[in-house]
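Examining the three-dimensional arrangement
Below are the chains, spelled out letter by letter.
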Amino acid sequence: MASMGEQNGVVSTRPVMADNRSFADFEPAVKKPKRNKFAFACAILASLTSILLGYDIGVMSGAIIYIQEDLKINDVQKEILMGILNVYSLVGSCAAGRTSDWVGRRYTIVLAGAIFFLGALLMGFATSYAFLMVGRFVAGIGVGYALMIAPVYTAEVSPASSRGFLTSFPEVFINGGILLGYVSNYAFSKLPTDLGWRFMLGVGAIPSVFLAVGVLAMPESPRWLVMQGRLGEAKKVLDKTSDSIEEAQLRLSEIKEAAGIPQECTDDVVKVQKRSHGEGVWKELLLYPTPAVRHVLICGIGIHFFQQASGIDAVVLYSPTIFEKAGITSSDGKLLATVAVGFVKTITILIATFLLDRIGRRPLLLSSIIGMVASLTTLGFSLTIIDHSHEKIPWAIGLCITMVLAYVALFSIGMGPITWVYSSEIFPLRLRAQGASMGVAVNRVTSGVISMTFISLYKAISIGGAFFLFAGVAMVATLFFYMFYPETQGKTLEEMEGLFGKFFGWREEAKKLKMKKTMKVSGDGTSNGQIQLRNTTTK
């Protein structure tokens, strides 16, 4: 037994790709691999694209106060201006899947930054509401590209041992961008009204410049390189982004199998089938999906829908309005309160990144959504009391502010990052780019609907009622996640499909996979491509 040999000092092992945490818990003597610094740097650079969306969300929440005053727009125009970028981003997210398969993940990131740069400049120099909407359209396309490509690229360069940690980076940078947007609001709020909001929006062009320069230091995704038949380049990237040479060989073997390339092909450049360039993917996703692909698609789209339908963008975009309803009337007070929201979101998302590969996706996701239900319900209760009172109620105001902060913290520690991690790692290789773009499209549509109807919604059913509605959606999401979502922690991207296909029977499949791996390891000291043992020698 290989495991017995470990305990007696007969065999020295080093796990390169852990299958899941529960199995790893039975091997306390095994030393975890150190985080791959090159993969870490690649993930940081790719995830910088997410700052673009975060900054726009954060800055618009405060800039709209001055835009409404300067351009004399009504509440309906305000709603549309706030949320339309999410709808516009559909163009980018739908095109990004095809673009990333065509020119590669790396140059798609460059394209995202360039488009957003132009959009930010147009918004900063806008002279009218119509001009501003044109800038929002261009920036929205860039945001759509960035949202889709960052988690896909990061998942494809990350070793399984730290994929959750690294793939959560896009959400980290979204939160960092939101905080920068809030700080920008406060910093430029002292300028004349007609200049302040233009500086707030125009400064968003700066991060895209650094992004374009940083991408030059990034390698192309090894999975995309294999899809193009460029095995030599892919092997070099995998050697740098894996925890060991053995893991790099294993990852290359699995990617070749997923891409339909025979294992005996070892040339630096090989011919690949045309289907590997993205043709026929939509047919496999939508028209003739296998049970596993159908399950994956429902999970990938569902998590994106519930992330936004539970009201996060309403809270972030309209936080000054919420704080105003809670009793904070001064502009400085509202802007400072929103800075606190951004700070809490950023701190908690940083905590979440270190928990994803230790605790797992499911525990964090379920605890996060349950906490969101409680905080949204309490927020709706406190806002209802304030709304029906003719005088200030200090405890209700304090409870309202506390629940806003609690809600964004609970969202950021689970629902926020896991949405991007989960949806980027569950799709099979050939379907990953288009599948991820579908998830982003649903995310942006849902966000746009929430953002563009929030004012009308709370005027129709009261602001407390709006948050009771969001709490109800979060309750449905809790049941949905509990029933249909398997744990993916530690699984290689190529073995994900084995966990999906039986909507209610995935637990049994996970047990079978775990037992199969355990038997292989205990039987001959190897895992036949599932767990790799390094430096296995008999003393």
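Residues numbered from 1 in each chain as written. Predicted model: local features only at pLDDT ≥ 70, side-chain atom pairs only at ≥ 80, totals over all residues. Heavy atoms only, no water.

What follows deals with the packing of aromatic side chains. Overall, the coordinates contain 16 aromatic pairs when judged by the stated rule. For the ring pair phenylalanine 305 and phenylalanine 306, a centre distance of 5.1 Å and an interplane angle of 75° mean the geometry is edge-to-face. Between tyrosine 422 and tyrosine 485, the aromatic rings sit 5.2 Å apart at their centres with planes inclined by 40°, giving tilted as the arrangement. In this pair, tyrosine 422 is assigned in helix 21 (residues 394-425) and tyrosine 485 in the loop between helix 23 (463-484) and helix 24 (506-524), connecting sequence segments 63 residues apart. Note on accessibility: tyrosine 422 and tyrosine 485 belong to one class, buried. Joined through ring pairs, the aromatic side chains of Phe305, Phe306, Tyr422, Phe480, Phe481, Phe484 and Tyr485 make up one cluster. The positively charged end of arginine 106 is found above the aromatic ring belonging to tyrosine 107, 5.3 Å away from the centroid. (Phe/Tyr/Trp six-rings, centres within 6.5 Å; stacked < 30°, edge-to-face > 60°. Helix = DSSP H or I, 4+ residues; strand = E, 2+ residues; numbered from the N terminus. Buried < 20%, exposed > 50% of the residue type's maximum accessible area, 1.4 Å probe, protein only. Lys NZ or Arg CZ within 6 Å of the ring centre and 35° of its normal.)

What follows concerns the UniProt feature "coiled-coil region" (unreviewed entry) in the chain. Mapped onto this numbering, the UniProt entry gives "coiled-coil region" (unreviewed entry) at residues 231-258. Taken end to end, residues 231-258 is 89% helix and 0% strand, and its two terminal C-alpha atoms sit 14 Å from one another. (UniProt positions renumbered as here; feature names shortened; annotations may be inferred.)

Turning next to the side chain of serine 50. Position of serine 50 among the secondary structure elements: in helix 4 (residues 50-71). Accessibility expressed as a relative area gives 3% for serine 50, which makes it buried. Setting aside residues no more than four positions away along its own chain, serine 50 makes contact with Ala150, Pro170, Phe173 and Ile174. (Contact = heavy atoms within 4.5 Å.)

A word on the environment of leucine 216. Along the chain, leucine 216 falls in the loop between helix 11 (205-215) and helix 12 (222-227). A relative accessible area of 62% places leucine 216 in the exposed class. A C-alpha to C-alpha distance of 8.6 Å links leucine 216 and arginine 106, two positions 110 residues apart in sequence.

Attention now goes to the nonpolar core. Across soluble globular proteins, you tend to see nonpolar side chains buried next to one another. Met60, Ile67, Leu81, Leu201, Phe454, Phe467 and Phe481 are the most contacted members of the largest nonpolar core, which has 123 residues in total. In this structure, this core is formed jointly by two domains, domain 1 (37-218) and domain 3 (284-515), each of which donates at least three residues. The residues touching phenylalanine 454, leaving out its near neighbours within four places in the chain, are Glu79, Ala314, Tyr318, Ile463, Ala466, Phe467 and Phe470. With 15 residues, the next largest nonpolar core counts Met227, Leu252, Ala259 and Ile261 among its residues. (Core = buried A, V, L, I, M, F, W, Y, C linked by side-chain atoms within 4.5 Å. Domains from an automatic or database assignment.)

The subject of this paragraph is helix 14 (residues 245-259). With 15 residues, helix 14 extends 21 Å between its outermost C-alpha atoms, agreeing within 8% with the 21 Å of an ideal straight helix rising 1.5 Å per residue. When we look at burial in helix 14, the residues that qualify are Glu247, Ala248, Leu250, Arg251, Leu252, Glu254, Ile255, Lys256 and Ala259. Against helix 7 (129-157), helix 12 and helix 13 (231-241) lie the buried residues of helix 14. Glycine 260 lies just past helix 14 and shows a positive phi near 80°. (Expected span 1.5 Å × (residues − 1).)

Once that is clear, we can look at the side chain of serine 100. Positionally, serine 100 belongs in helix 5 (residues 75-103). Here serine 100 is in contact with Arg105, Thr108, Met148, Ile149, Trp224 and Ala433, once residues within four sequence places are set aside.

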